[in-house]
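For reference, the chains in residue letters:
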Amino acid sequence: MFQGSSALTLDAKGRMSIPARYRDALLAEEQGCLTLTRHPDGCLMLYPRATWEIKRAQIAALPAVARPLQRLLLGSAQDVEMDSAGRILVAPELRDAAGLARDVMLLGLGSHFELWDREQWEARSLQDVSQLDPAILEQISF
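What counts and what doesn't
Residues numbered from 1 in each chain as written. Predicted model: local features only at pLDDT ≥ 70, side-chain atom pairs only at ≥ 80, totals over all residues. Heavy atoms only, no water. Helix = DSSP H or I, 4+ residues; strand = E, 2+ residues; numbered from the N terminus. Rg over C-alpha atoms; globule rule 2.2 N^0.38 Å.

## Overview of the overall build of the chain
Here comes step 1: For the chain, the count of helices and strands is six helices and eight strands.
Here comes step 2: Helices and strands in the chain line up, N terminus first, as β-β-α-β-β-α-α-β-β-α-β-β-α-α.
Here comes step 3: For 142 residues, the compact-globule estimate of 2.2 N^0.38 gives 14 Å, and the chain sits close to it at 16 Å.
Here comes step 4: Reported as C-alpha extents along the three principal axes, the dimensions of the chain are approximately 45 × 35 × 30 Å.

## Quick notes on the environment of glycine 110
Here comes step 1: Examined against the element boundaries, glycine 110 turns out to sit in strand β7 (residues 103–110).
Here comes step 2: Note: C-alpha distance between glycine 110 and arginine 21 (89 residues apart in sequence) is 14 Å.

In C-alpha cells form, the structure reads like this:
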C-alpha cells in the first residue's frame, strides 16, 4: 500500500530515484519491474508490474467507446526497471506529455503512484481542495 508524497528531482537523463521507503518492497515483490503510463489528468501513473498487468487487462476489455482512453493508457505505457541505484528512467515522450522538467512530486495512492510536475501539482492540489464535494466529506470522520 503506497501512501504519502515525495518531492524528487529528475536528473539530466530523466532518471528519478524511487524513495527508499518503497524501494525495498518493490525490489522484493516486483524485482524492480514497474510500468509508467499517462493519466487523463496530465500526470503519469507508476504501477508495480503485477498490478499494471491486472489493470491493463481491465482497460483492454473496455468497450469500443473507450478507445480514446485505451490509446492514452495502453498506447503510452512503458515498462521500466529500477537500476542498481534504485532509479527509473522516465522516457522523454512521457516527460513531455506530463510537463516534467526537474522538480517532481511522487504521490502514493494505494496500489500505484502518480508523478506530477511539482508546480502543476501545487496548482492542481489547491484546485482540487477548493472543489471538494461536502457530501463526500460528511462520509469521513476526521
